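As a plain string of letters, each chain reads:
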Amino acid sequence: MFHKSVFKDETKLDINYVPPRLPHREKERRLLMEFFNFLLHFPERMTQRVIITGDVGTGKTALARRFGADITLEANKKSLKFRFIHINCREYRGKLFFVLQHALTVFRPTFPSRGYSTEEVLRTLMQILDEEDAYVILTLDEFDTLIEKEGSETVYSLTRLQEMRAGKPQRISLLCILRDLRAVEKLDASARSTLQRNVINLERYDKLQLKTILSERVAMAFEPNVVGEDVVDLVTELAVSESGNARFAIELLWRAGKYADAENMDEVEPECVREAVSSIIPTLRKSELSSLGRHEKLFLLGAVRIFKDCQKGYASLSDVEKAYTVVCEEYGEKPNSHTQLWNYVQLLSALGILKTEVASIGTRGRSTRISLPAVPATQLEKELTTALERDE
Ligand code: ADP
Ligand code: MG
């Protein structure tokens, strides 16, 4: 039977999709345009070198590609022969030869570079650019792999292409992307000084920033009202604990949607997120469960039942306390005191099974909200039930 997908357009969650807007990176996007603005006015007179740094998932590649599309559009308006070439150095094993060969095929798709040296490929590339009167921003993503493989001299020559062609128009600007500037600092002084002038560092996203990024993506990729706020919060928090990695967040969202579709659900529920995250990173070792005391297990089982049965991502401590009382009855145990329960919460969050957060609720002050971020409730329920039976 046909069931409608929760996705409106899942390609919007693809790793290669570059959104039209980059929330929290618009300043850097304008800065890049400033750095390369001369290209639109007097491209033959100068070239530029810019470095983008930042941790995994801080939007380095997305920023570069967004800028690439922007400047290409502007260049086209002016009928400039301009190409933005983005190359992931790691995909070319960090070898300059393969990188340049790829750049060459942008202009000459069938160029037979077998048997050529790196210098010859470079010379040919320059020749073609002269012939076509074309200008290039060569974007070398994961540039650290190239530094590692090729070392100082090659990097130096790459940054000094122009000096070897005195009197001829300038052709190739560089945009280098790497996680950590330390890789550049390892180069010798001359290579460093030609590279390091313009550095744009992307800070890790914080919780609020990730949330806006995710919310925009949800609106593009999913049908209306299938991804609730709780789900966005849950994914955001998981990504924050993965050091603010936006890529992790978006992949998680996509997988959660896939689980919802596989189960013919009308909405992406928190449980789908837990299924998704436990498929990406193993979140629970069985030994951790068996090390729990009986009442800790009963308490966790209570919590798990809440998250399994309702579509909310968060529960209050008093909700969990009620559920725990019910579970105790079922197992013929006398429930422990409220103060004791607080210790269970602390232990279970230290183990990374539950997550607690103090939320302020209007005039009534503060309350603790509890979530089960990473382990699917159905899986946990099964394992707890087995463990409790074994204990008897
Ligand atoms: P990096 O190259 O730094 O590892 P990416 O550029 O690949 O990170 O970003 C990871 C994912 O997050 C991509 O899907 C990208 O589109 C998305 N992303 C990152 N930053 C933003 C942002 N500011 N706005 C929208 N999407 C973003
Ligand atoms: Mg990248």
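For the structure, see preceding data.
Since we're looking at a predicted model, the values are computed, not measured.

Draft legend 1. The arrangement of the packing of helix H10 (residues 246-262) against helix H11 (residues 270-280) in detail. Where H10 meets H11, the axes come as close as 8 Å, and the angle between the chain directions of the two elements is 120 degrees. One element, H10, and the other, H11, form an angle in the oblique class. Both H10 and H11 take part in a crossing whose hand is right-handed. Of H11, the residues touching H10 (which contributes Phe248, Glu251, Leu252, Arg255, Ala256, Tyr259 and Ala260) are Cys272, Val273, Glu275, Ala276, Val277, Ser279 and Ile280.

Draft legend 2. Main features of unusual backbone geometry. In the Ramachandran plot, glutamate 142 falls in the positive-phi region, its phi being about 50 degrees despite a non-glycine side chain. Within the fold, glutamate 142 resides in the loop between strand E3 (135-141) and helix H5 (143-159). Within the chain, asparagine 225 stands out as a residue other than glycine whose phi angle is a positive 65 degrees. Structurally, the position occupied by asparagine 225 is in the loop between helix H8 (207-221) and helix H9 (229-241).

Draft legend 3. Just H8, in detail. Along its 15 residues, H8 runs 21 Å from first to last C-alpha, staying within 8% of the 21 Å computed at 1.5 Å per residue. For H8, the full list of buried residues reads Leu210, Ile213, Leu214, Arg217, Val218 and Ala221. Each buried residue of H8 lies within a common arc of 140 degrees when the element is viewed along its axis, so the set occupies one face. Elements that come into contact with the buried residues of H8 comprise H9 and H10.

Draft legend 4. Inspection of the packing of aromatic side chains at higher detail. For the structure shown, the criterion picks out seven aromatic pairs. Considering the side-chain rings of phenylalanine 7 and phenylalanine 222, the 4.9 Å spacing of their centres and the 25 degrees angle between planes classify their relative orientation as stacked. One end of the pair, phenylalanine 7, is in the segment before helix H1 (26-36); the other, phenylalanine 222, is in the loop between H8 and H9, and 215 residues separate them in sequence. For phenylalanine 7, a relative accessible area of 7% gives the class buried.

What counts, and at which threshold
- Residues numbered from 1 in each chain as written.
- Chains lettered and ligands numbered in written order.
- Predicted model: local features only at pLDDT ≥ 70, side-chain atom pairs only at ≥ 80, totals over all residues.
- Heavy atoms only, no water.
- Axes fitted to C-alpha atoms, helices over the stretch in contact; angles between N-to-C directions.
- Helix = DSSP H or I, 4+ residues; strand = E, 2+ residues; numbered from the N terminus.
- Parallel < 35°, antiparallel > 145°, perpendicular 65-115°, else oblique.
- Left-handed = near helix turned anticlockwise from the far one by under 90°.
- Contact = heavy atoms within 4.5 Å.
- Expected span 1.5 Å × (residues − 1).
- Buried < 20%, exposed > 50% of the residue type's maximum accessible area, 1.4 Å probe, protein only.
- Arc of directions from axis to C-beta.
- Phe/Tyr/Trp six-rings, centres within 6.5 Å; stacked < 30°, edge-to-face > 60°.

The values reported here are purely geometric and, on their own, carry no functional implication.
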